[in-house]
Amino acid sequence: MSRQAHYRKLLKDKRWSRRRMEIMRRDGFRCRRCGATSHLNVHHRWYVYGRKPWEYSDRYLVTLCEQCHRHVHLMRHVWFAVWLTVMIVIAYLLKIFLM
């Protein structure tokens, strides 16, 4: 089973269902980004390898609507690409100046 398939299976666990409901209740059943009240998800702000979805503290979880959830994940990929590009440029410049 792939890591992604295993994670999807964990998201069907009743412990995640309870945890998800706790977070949505805390957030007033509203998207914390835009205020929408439908199509809500609970987003993990970041992941820790090996940790189950329900094992995160409140500060790592936030309620988002589907649209905002997609946007947040897209921006994570964009910022990683920007960071990687900057690291490559820095490495190149260091190579030039330290030769």
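### Observations concerning the pattern of salt bridges
Here's step 1: By the definition in use, this model includes five salt bridges.
Here's step 2: Of the charged contacts, one joins Asp13 and Arg15 as a salt bridge, the two residues approaching to 2.8 Å between their closest N and O atoms.
Here's step 3: For Arg19, the salt bridge identified is with Glu22, shortest N-O distance 2.8 Å. Of the two residues, Arg19 and Glu22 both sit in helix α2 (residues 14-26), three residues apart, roughly one turn of that helix.
Here's step 4: Here Arg19 falls in the buried class, since its relative accessible area comes to 11%.
Here's step 5: Sharing partners across several salt bridges, the network here consists of Arg19, Glu22 and Asp58.

### A few points about the nonpolar core
Here's step 1: If you look at the biggest cluster of nonpolar residues, it comprises 15 residues, and the most contacted ones within it are Cys31, Val42 and Leu61.
Here's step 2: Only α2, β1 (40-44) and β2 (61-65) provide two or more residues apiece to this core.
Here's step 3: Setting aside anything within four residues of it in sequence, one finds Leu61 in contact with Trp16, Arg19, Ile23, Arg26, Val42, His43, His44, Arg45 and Tyr56.

### Remarks on the packing of aromatic side chains
Here's step 1: By the definition in use, this model includes three aromatic pairs.
Here's step 2: Taking the centre distance of 6.0 Å and the plane angle of 85 degrees together, the rings of Tyr7 and Tyr47 count as edge-to-face. Separated by 40 residues along the polypeptide, Tyr7 in helix α1 (residues 3-10) and Tyr47 in the loop between β1 and β2 bring together distant segments of the chain.
Here's step 3: Overall, Tyr7 belongs to the partly exposed group, its relative accessible area being 24%.
Here's step 4: With a relative accessible area of 41%, Tyr47 lands in the partly exposed category.
Here's step 5: Ring centres of Tyr56 and Tyr60 lie 6.3 Å apart, and the angle between their planes is 80 degrees; this geometry places the pair in the edge-to-face category.
Here's step 6: We classify Tyr56 as buried; its relative accessible area is 3%.

Each value, and the rule that gives it
- Residues numbered from 1 in each chain as written.
- Predicted model: local features only at pLDDT ≥ 70, side-chain atom pairs only at ≥ 80, totals over all residues.
- Heavy atoms only, no water.
- Salt bridge = Lys/Arg side-chain N within 4 Å of Asp/Glu carboxyl O.
- Helix = DSSP H or I, 4+ residues; strand = E, 2+ residues; numbered from the N terminus.
- Buried < 20%, exposed > 50% of the residue type's maximum accessible area, 1.4 Å probe, protein only.
- Core = buried A, V, L, I, M, F, W, Y, C linked by side-chain atoms within 4.5 Å.
- Contact = heavy atoms within 4.5 Å.
- Phe/Tyr/Trp six-rings, centres within 6.5 Å; stacked < 30°, edge-to-face > 60°.

In short, geometric facts, not functional conclusions.
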